[in-house]
Amino acid sequence: MLNKIKTELSELLFLSRDALHIHIGLGIYVAAMLVLRRGPASIVPWLVVLAFELANEFLDAFHHSPPDIDITGALRDIGNTMLWPTVVLLIARRLARQTGGRTAELQPSSAADP
């Protein structure tokens with residue numbers, strides 16, 4: 001059933017299954033940041049995406065009886081899903097480290113000081 005939903009969604013959006021993983025991974029990442037009220041430098045939203053993706057791959061593997069595990073396909077799916085959340089997390093952490101944990105938008109401007 002899950003594979004049928006993914007196929008129909010892929011056809012509806014005119015996206016390949018790989019592109020679908022990329023978009024859904026980024027969507028889950030943004031949704032997790034909003035729902036959990038965590039910034040992009042927090043590992044928690046990244047872990048949410050990873051949990052969803054691993055659950056998806058588990059369901060894919062056990063969709064057939066006996067289990068049909070396509071390691072190459074699973075690794076490609078995990079890589080596609082986790083790519084942009086990982087890039088955003090690493091950049092946000094680097095920026096946080098460079099600014100001492102503060103983002104540029106939160107630092108007061110000297111021109112705004114009375």
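Rules used in this analysis
Residues numbered from 1 in each chain as written. Predicted model: local features only at pLDDT ≥ 70, side-chain atom pairs only at ≥ 80, totals over all residues. Heavy atoms only, no water. Helix = DSSP H or I, 4+ residues; strand = E, 2+ residues; numbered from the N terminus. Buried < 20%, exposed > 50% of the residue type's maximum accessible area, 1.4 Å probe, protein only. Contact = heavy atoms within 4.5 Å. Areas by Shrake-Rupley, 256 points an atom, 1.4 Å probe, with all protein chains shown as cover. Expected span 1.5 Å × (residues − 1). Bend = angle between axes of the 7 residues up to and from the residue. Lys, Arg positive; Asp, Glu negative; His and termini not counted. Salt bridge = Lys/Arg side-chain N within 4 Å of Asp/Glu carboxyl O.

*Asks:* Explain the overall build of the protein to me, please; I cannot follow it from the model alone.
*Replies:* From N to C terminus, the protein includes four helices and zero strands. Starting at the N terminus, the α and β elements of the protein follow one another as α-α-α-α. For the protein, the residues scored as buried account for 25% of the 114 residues in total. Nonlocal contacts in the protein, meaning residues at least 24 apart in sequence, comprise 56% of its contacts between residues at least 6 apart. Per element, the accessible surface of the protein, about 8100 Å² overall, is 68% carbon and sulfur.

*Asks:* What exactly am I supposed to notice about helix α4 (residues 71-98) here?
*Replies:* What sets the pattern is the α-helix's 3.6 residues per turn: residues three or four places apart point alike. Relative to the 40 Å expected for 28 residues at 1.5 Å per residue, α4 spans 38 Å between its end C-alpha atoms, a close match to the ideal helical length. In the structure, α4 departs most strongly from a straight axis at M82, where the bend amounts to approximately 40° and where the proline P85 lies between one and four residues downstream. Of the residues making up α4, those classed as buried are G73, A74, D77, N80, T81, M82, P85, L89 and A92. Where α4 is buried, its residues touch α2 (17-36) and α3 (43-61). Looking at the residues trailing α4, positive phi occurs at G100, about 70°.

*Asks:* Teacher, can you tell me more about the environment of V49 here?
*Replies:* One can find V49 in helix α3. Linking V49 and L26, residues 23 residues apart in sequence, is a C-alpha distance of 8.2 Å. With near-sequence residues (within four places) excluded, V49 lies in contact with G25, I28, Y29, T81, M82 and P85.

*Asks:* Help me understand unusual backbone geometry in this model?
*Replies:* Most of the time, phi is negative for any residue but glycine, and the peptide bond is trans. Residue R37 is not a glycine yet carries a positive backbone phi of 55°. Inspection of the secondary structure puts R37 in the loop between α2 and α3. Taking relative accessible area as the criterion, R37 reaches 76% and is therefore assigned exposed.

*Asks:* Please explain the environment of T7 as it appears in this structure.
*Replies:* Following the sequence through the fold, T7 ends up in helix α1 (residues 2-12). Between the C-alpha atoms of T7 and L20, which are 13 residues apart in sequence, the distance is 9.7 Å.

*Asks:* Can you walk me through the side chain of D77 in this structure?
*Replies:* By the secondary structure assignment, D77 is in helix α4. For the buried D77, no salt bridge is present, and the opposite-charge side chain at shortest range is R76, 4.4 Å distant. Aside from chain neighbours lying at most four places away, what touches D77 is D18, H21, E53, E57 and D60.

Read these as geometric descriptors, not functional statements.
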